[in-house]
Amino acid sequence: MTQKYDNFINGAWVAGANYAPNINPSNLADVIGEYTQGDAAQLDAAVQAAQAAFPAWSTGNIQARADALDKIGTEILARREELGTLLAREEGKTKPEGIGEATRAGNIFKFFAGECLRLTGETVPSVRSGVGVEITREPLGVIGLITPWNFPIAIPSWKIAPALAYGNCVVLKPADLVPGCAWALAEIISRSGIPAGVFNLVMGRGSVIGDPLVNHPGINGISFTGSQGVGGRIAQQCAVNLKKVQLEMGGKNPQIILDDADLAQAVELSVQSAFFSTGQRCTASSRLIVTEGIYSKFVDAVKARMATLKIGDALAAGIDIGPVSSLSQLQQDIDYVAIGQAEGAQLVAGGERLQLATEGFYMAPALLTETTSAMRINREEVFGPVASIIRVKGYEEALAESNNTPFGLSAGIATTSLKYATHFKRHSQAGMVMVNLPTAGVDYHVPFGGRKGSSFGSREQGRYAQEFFTTVKTAYTAA
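As the structure is a prediction and not an experimental result, all values here were calculated from the model.

So, how was this worked out
- Residues numbered from 1 in each chain as written.
- Predicted model: local features only at pLDDT ≥ 70, side-chain atom pairs only at ≥ 80, totals over all residues.
- Heavy atoms only, no water.
- 1 Å grid on protein atoms, 1.4 Å probe; cavity = no way out; pocket = protein on both sides within 12 Å on 5 of 7 lines; lining within 4 Å.
- Points joined across faces, edges and corners; volume = space filled by probe spheres on them.
- Nonpolar A, V, L, I, M, F, W, Y, C, P; charged D, E, K, R; others polar.
- Helix = DSSP H or I, 4+ residues; strand = E, 2+ residues; numbered from the N terminus.
- Pairing = 2+ DSSP bridges.
- Axes fitted to C-alpha atoms, helices over the stretch in contact; angles between N-to-C directions.
- Phe/Tyr/Trp six-rings, centres within 6.5 Å; stacked < 30°, edge-to-face > 60°.
- Buried < 20%, exposed > 50% of the residue type's maximum accessible area, 1.4 Å probe, protein only.
- Lys NZ or Arg CZ within 6 Å of the ring centre and 35° of its normal.
- Contact = heavy atoms within 4.5 Å.

A.B. asks: Any details on empty space enclosed by the protein? Residues and values, ideally.
C.D. replies: If a probe as big as a water molecule is rolled over the atoms, it shows which places are left empty. A complete count under the given rule lists two cavities of 30 Å³ or more for this structure. Of the volumes computed, that of the largest cavity is approximately 100 Å³. As for the largest cavity, its lining consists of 15 residues, and the residues nearest its centre are Gly279, Arg281, Ala284, Ser286 and Phe383. Classifying every residue of the lining of the largest cavity by side-chain character gives six nonpolar, six polar and three charged. Lining the second largest cavity we find 15 residues, and of these Pro254, Ser402, Phe407, Gly408 and Gln429 sit closest to its centre. Elements that contribute at least two residues to the lining of the second largest cavity include exactly strand 13 (253-257), helix 12 (395-403), strand 20 (407-408) and strand 21 (410-414). Counted by class, the lining of the second largest cavity contains five nonpolar, eight polar and two charged residues.

Structure below.
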């Protein structure tokens, strides 16, 4: 019998009206479990529980907060292989990538356990004699967290951990496609010593509980990671209701390869950025901008490297790339390859659905050449293993092309020139810049976020997370 999994509301496991199967994209015959589908009434109960828990949690002992978060991080790290396997099974990342993501989640909780004890303020003199001024940070309130399917344990962790560390209460709505990791995380949190109502998990369709969460009068802030279209609607709703909002909405990230680049290094970082994790990363580099002196050698070397990639079941040993996460995402990827060809791009490798030993959503990574920045394939986020190459004359044109996008999350350059690397770091219109590194792959203790259409609001991760999860208070005292 398939196991059923419930929502976590006010310290108790609560069943919804129905359940939905969680299917393994590597093997469509494998049902991971059946996860309950919450509704607006359950969402309201979760928000009310969080409101009731907030006064005590927000003013309680900071050592207790630190101990709880440290306990969560310790258990995640102890179970990283188990959790990484679950992640690979439900999302399609390879098992090593899944274990790496689980490890990152554990480290995030450990980091914010320390942040519980590192909150600082300021004491400054007043312009008035005999008056003292204190500037402090206090928790925002009840936070609604809406997380995506592509990093089903890391992204919930990097939202939950700072929210709790700074004294907020949480209602988490994970992506309906990958409830397993969110439920496993909730189960760990449920045994951490955190009081009932401080953390709540409500699984279900975004169309059913998304708007009630964003518009609930008991929610003080929304942190969202997902598509630009949904993020824009959330921003509008939060503006009407005067709620604090933080949005991460993807990218169309450039990777520049200059003539002076180390060819082997440039190929490897480009292939990793574009195709690993099946290209399903908002930081993936889907635009490879290559100067003409190295262009032919680079294209040939990338095609050769792509031919060595092993595609298959995410749990199998030695696999480089697992399946696409869902049928709809697979169809979108294939459609974009066709759109690129219709616009004049040349498909030089991959791009087709693969039939392997088990039925799954497998796709051969696609490489398109002879593309221009005006093509849809270079303007819109595909979110799959699809990369296009733009040929340019030199660094100046490469920089202009890299910035010619409505997004601005991550950008990279492969070069041995300190001059060009330094100039690019200053003039790239992206929130994160990589020199001789993949555009995908960031540390957990430093800011994450972009510019333009990629992000809205303050940064995530590291100490910069306090900008969203706290509010500033200025207090005056007469001597």
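A.B. asks: Describe in detail the sheet that holds strand 6 (residues 122-125), supporting the description with residues and values.
C.D. replies: Within a sheet, each strand pairs with its neighbour through backbone hydrogen bonds, oriented either parallel or antiparallel. Taken together, three strands build an open sheet; the order of strands is 6-7-25 and the sheet is antiparallel. Of all strands in the sheet, those with a lone pairing partner are strand 6 and strand 25 (470-478), marking the two edges. The sheet shows a mean angle of 25° between the axes of neighbouring strands, taken without regard to direction.

A.B. asks: Lay out the packing of aromatic side chains with the relevant residues and their values.
C.D. replies: Scanning the entire structure with this criterion turns up 10 aromatic pairs. Centre to centre, the rings of Phe111 and Phe112 are 5.0 Å apart; their planes meet at 90°, and the pair counts as edge-to-face. The same class applies to Phe111 as to Phe112, namely buried. Judged by centre distance (5.2 Å) and plane angle (45°), the rings of Trp158 and Phe448 are tilted. Here Phe448 lies in the loop between strand 22 (432-435) and strand 23 (451-452) and Trp158 lies in helix 5 (residues 154-165), a separation of 290 residues in the sequence. Phe448 carries the same exposure label as Trp158, and that label is buried. Chaining the aromatic ring pairs together yields one cluster made of Tyr5, Phe8, Trp13, Tyr35 and Trp183. Directly above the ring of Tyr19 sits Lys4, whose terminal nitrogen or CZ lies 5.5 Å from the centroid. Just above the ring of Tyr295 sits the side chain of Arg391; from NZ or CZ to the centre is 3.8 Å.

A.B. asks: Explain the sheet that holds strand 13 residue by residue, including any values.
C.D. replies: If you trace the seven strands from one edge of the open sheet to the other, you get 15-18-19-14-13-21-22, paired in mixed fashion. Looking at strand neighbours, the two that pair on one side only are strand 15 (346-349) and strand 22, the edges of this open sheet. Between one strand and the next, the sheet's axes are offset by a mean angle of 25°, whatever the strand orientation. Packing against the sheet, helix 12 makes contact with strand 13, strand 14 (285-291), strand 19 (386-392) and strand 21, and its axis sits at approximately 165° to strand 14.

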